[in-house]
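Observations on chain architecture
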Amino acid sequence: MLDGNLDSGVECGAELLELCEALVGGDAGAITKTSTNVIKSMGSEALVDAVGVYSNFERMVRIADATGVELGETLAELSADIRSELKVERPANW
């Protein structure tokens with residue numbers, strides 16, 4: 001979970017962060033609650049935009065994973081511990 005108390009500098013950043021965490025978690029109740037909060041704070045068009053951006057990133061990650069796109073040296077170094085803990089390394093012959 002990300003720290004929602006940190007100021008991202010983005011208007012209504014806390015509400016957007018909560019929405020993204022709800023979407024990642026897949027809890028319908030949390031998604032409804034956080035969607036309502038975004039609508040109250042920013043309007044329904046902003047909710048549609050936010051979910052669209054989230055969905056695009058989700059799609060891009062799935063495509064990258066499916067096609068074998070490499071992480072790159074810096075990201076590989078930064079994520080080594082968590083990838084090892086989660087056992088998500090690519091097979092050696094990939």
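Look up a bit, the structure's there.
A few points on the structure. Computed from a predicted model, the values in this text were never measured in an experiment.

Here's the deal with the overall build of the chain
- Counting its secondary structure elements, the chain contains 4 helices and 0 strands.
- Secondary structure elements in the chain, listed N-terminal to C-terminal, are α-α-α-α.
- Since a compact globule built from 94 residues should have a radius of gyration of about 12 Å, the 16 Å found for the chain marks it as more spread out than a globular shape.
- Along the first, second and third principal axes, the C-alpha set of the chain runs to 50 × 25 × 25 Å.
- Burial statistics for the chain: of 94 residues in total, 17% are counted as buried.
- In the chain, 39% of the contacts between residues at least 6 apart in sequence involve partners at least 24 apart.
- A total accessible area of about 7,300 Å² is found for the chain, and carbon and sulfur atoms account for 58% of it.

Quick look at the pattern of salt bridges
- In the structure shown here, the tally under the stated rule is 1 salt bridge.
- Here Arg62 makes a salt bridge to Glu58, at a shortest N to O gap of 3.0 Å. In this pair, Arg62 and Glu58 are both assigned in helix H3 (residues 44–67), 4 residues apart and thus about one turn of the helix distant.

Some remarks on the environment of Ser44
- Here Ser44 shows up in helix H3.
- Owing to a relative accessible area of 46%, Ser44 belongs among the partly exposed residues under this scheme.
- In this structure the C-alpha to C-alpha distance between Ser44 and Val61, which are 17 residues apart in sequence, comes to 26 Å.

Calculation criteria
- Residues numbered from 1 in each chain as written.
- Predicted model: local features only at pLDDT ≥ 70, side-chain atom pairs only at ≥ 80, totals over all residues.
- Heavy atoms only, no water.
- Helix = DSSP H or I, 4+ residues; strand = E, 2+ residues; numbered from the N terminus.
- Rg over C-alpha atoms; globule rule 2.2 N^0.38 Å.
- Buried < 20%, exposed > 50% of the residue type's maximum accessible area, 1.4 Å probe, protein only.
- Contact = heavy atoms within 4.5 Å.
- Areas by Shrake-Rupley, 256 points an atom, 1.4 Å probe, with all protein chains shown as cover.
- Salt bridge = Lys/Arg side-chain N within 4 Å of Asp/Glu carboxyl O.

By themselves these figures say nothing about function.
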